[in-house]
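Chain by chain, the residues run as shown.
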Amino acid sequence: MTTSTTTFGLRRIGGRIGAEIVGVDLSAELDPAVVTDLNTALLEHKALVFRGQRLDDAGQLRFAALFGDLTTAHPTVASVDGQPHILPVDGDEGVRANQWHTDVTFVRTPPKASTLRALVIPPYGGNTLIANAGAAYRDLPEPLRELADKLWAVHTNDYDYAAPKNEKAAEYRRRFVSRKYRTAHPVVRVHPETGERGLFIGGFAQTLVGLSHSDSRDLLRIFQSYVTRPENIVRIAWNPGDLVLFDNRITQHLAPDDYGDLPRLLHRVTVAGDVPAGVDGTLSQVVEGDEAAHYTPAAAA
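What you see is a predicted model, and the numbers here were worked out from it, not measured in a lab.

Asks: Account for the environment of Thr-115, naming residues and giving values.
Replies: In this fold, Thr-115 is placed in strand β6 (residues 113-120). The exposure class assigned to Thr-115 is buried, which follows from its relative accessible area of 0%. Taking C-alpha positions, Thr-115 is 22 Å from Arg-175, a pair spaced 60 residues apart along the chain. With residues up to four places along the chain from it excluded, the contact list for Thr-115 reads Gln-60, Phe-63, Ala-64, Leu-243, Val-244, Leu-245, His-267, Arg-268 and Val-269. Of the polar contacts made by the side chain of Thr-115, one reaches the side chain of Gln-60; its length is 3.1 Å.

Asks: Help me get a handle on the pairing of strand β13 (residues 233-236), residues and values and all.
Replies: Across the two faces of β13 the burial differs, with Val-234 and Ile-236 buried and Ile-233 and Arg-235 not buried at all. Sheet analysis places strand β7 (residues 128-132) next to β13, joined by 4 bridges and oriented antiparallel. The residue of β13 that forms the bridge with Ala-131 is Ile-233.

Asks: Let's hear about the packing of helix α4 (residues 142-150) against helix α6 (residues 213-227): which residues, and what values?
Replies: Helices that pack against each other are described as a pair by the angle of their axes relative to one another and the distance between those axes. As a packed pair, α4 and α6 sit with axes 12 Å apart at the nearest point and diverge in direction by 115 degrees. With respect to the hand of their crossing, α4 and α6 are arranged in left-handed fashion. Contact residues: α4 offers Leu-144, Leu-147 and Ala-148, while α6 offers Leu-219, Ile-222, Phe-223 and Tyr-226. Of the residues assigned to the contact of α4 with α6, the class counts are 7 nonpolar, no polar and no charged.

Asks: Could you give an account of the side chain of Gln-252, naming the residues involved and the relevant values?
Replies: For Gln-252, the location among the structural elements is in strand β15 (residues 251-254). The class for Gln-252 is buried, based on a relative accessible area of 0%. A distance of 2.6 Å separates the side chain of Gln-252 from the side chain of Gln-224, its partner in a polar contact. Sequence-distant contacts of Gln-252, that is, excluding residues within four places in its chain, are made with Trp-100, His-101, Thr-102, Leu-129, Ile-130, Ala-131, Ile-201, Gly-202, Gln-224 and Val-227.

Asks: Outline helix α1 (residues 32-45), listing residues and values.
Replies: The terminal C-alpha atoms of α1 lie 20 Å apart, and with 14 residues this matches the ideal 20 Å at 1.5 Å per residue to within 8%. Listed in full, the buried residues belonging to α1 are Val-34, Val-35, Asp-37, Leu-38, Asn-39, Ala-41, Leu-42, Leu-43 and His-45. Where α1 is buried, its residues meet β2 (9-12), β3 (19-22), β4 (47-50), α2 (57-64) and β14 (243-247). Regarding α1, its N-cap is Asp-31, as a side-chain oxygen of that residue lies 2.8 Å from the backbone nitrogen of Ala-33 further along. Once α1 finishes, Lys-46 follows within two positions and takes phi at roughly 75 degrees, a positive value.

Asks: So what's going on with unusual backbone geometry? Which residues, and what values?
Replies: A positive phi angle, near 55 degrees, is found at Val-104, a position not held by glycine. Relative to the helices and strands, Val-104 is located in the loop between β5 (87-90) and β6. Residue Val-104 is classed as buried on the basis of its relative accessible area, which comes to 2%. Backbone geometry at Ala-292 places phi at a positive 55 degrees, although glycine is not the residue there. Considering the arrangement of structural elements, one finds Ala-292 in the segment after β17 (285-288). In this structure Ala-292 comes out as buried when scored by relative accessible area, which is 0%.

Asks: So what's going on with the packing of aromatic side chains? Residues and values would help.
Replies: Per the stated rule, a full pass over the model turns up 7 aromatic pairs. On the numbers, 5.5 Å between centres and 75 degrees between planes, the contact of Phe-50 with Phe-63 is edge-to-face. One end of the pair, Phe-50, is in strand β4; the other, Phe-63, is in helix α2, and 13 residues separate them in sequence. Classification of Phe-63 as buried rests on a relative accessible area of 2%. When the ring of Tyr-159 is compared with that of Phe-204, the centres are 6.4 Å apart and the planes differ by 80 degrees; the resulting orientation is edge-to-face. Taken together, the positions of Tyr-159 in the loop between β8 (152-156) and α5 (167-176) and Phe-204 in the loop between β11 (197-199) and β12 (205-208) put the pair 45 residues apart, joining distant regions of the chain. Take Phe-204: its relative accessible area is 7%, and that puts it in the buried class. Among the aromatic residues, those joined into a cluster by ring pairs are Phe-106, Tyr-159, Phe-176, Tyr-181 and Phe-204. Its guanidinium or amino end placed over the ring of Phe-200, Arg-189 lies 5.0 Å from that ring's centre, counting from NZ or CZ.

So, how was this worked out
Residues numbered from 1 in each chain as written. Predicted model: local features only at pLDDT ≥ 70, side-chain atom pairs only at ≥ 80, totals over all residues. Heavy atoms only, no water. Helix = DSSP H or I, 4+ residues; strand = E, 2+ residues; numbered from the N terminus. Buried < 20%, exposed > 50% of the residue type's maximum accessible area, 1.4 Å probe, protein only. Contact = heavy atoms within 4.5 Å. Polar contact = N/O pair within 3.5 Å; in protein donor to acceptor, adjacent residues only side chain to side chain. Pairing = 2+ DSSP bridges. Axes fitted to C-alpha atoms, helices over the stretch in contact; angles between N-to-C directions. Left-handed = near helix turned anticlockwise from the far one by under 90°. Nonpolar A, V, L, I, M, F, W, Y, C, P; charged D, E, K, R; others polar. Expected span 1.5 Å × (residues − 1). Phe/Tyr/Trp six-rings, centres within 6.5 Å; stacked < 30°, edge-to-face > 60°. Lys NZ or Arg CZ within 6 Å of the ring centre and 35° of its normal.

Spelled out as structure tokens, the structure:
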């Protein structure tokens, strides 16, 4: 089904999440009305797909910056050479995000939104899955919603990953944890623009405040199972030149490791976010590490 706004066409690609945007050339200068409508579409559909765009790195940076100040590439991992705001998502370097997560939730101010641009895509596999954490919250039975509303989770970049497959992956792991972060976030985050509640967990959420590791693991597994229900997920099959914009405040994503030794390269640019707030308005707090001011301008706010 294709619908239209005043400025572009939109085709839903999932029952609960995802839309393709038609009739927008991201290499051109976008009218402010188009940007406003795109932001409205992002808030509603959570993930927007722009097919066949003719963007270079500068164009991706320019487009992402329409939605706010940019972060640097990552708190610990190196950027693309000469491009401090661009993270290479390179399957050949051991960067295979084969785990559900929300970007950089181990710092106090995770990104507002992420853009991914496809440069090299394998002939099969290499898709990206994005899940609607707001729909997951609404799916919870009332007793679980009431429990989740009260819980806080500690997110960290330093936990027991699967054993690296090769030395490149091991080196990436060493860089990833070279500076350690632990941050307490509400399990239920209130979206700062819409007021929608969503489960704010994912792979970096390792323990629940006040509970044992065992109890934390069991409860997080239950909550996570609602996020990853098939009806809450959209699957993006990439073509070179495609760009995806998703709301990092109320989604999770995963890239299945299903393309063997084939090359896959995306470039990621993220928009700085705010400090998450729980249902009672309490804000996230640093447990270990710093405010990551070198990573996001939001840390200085």
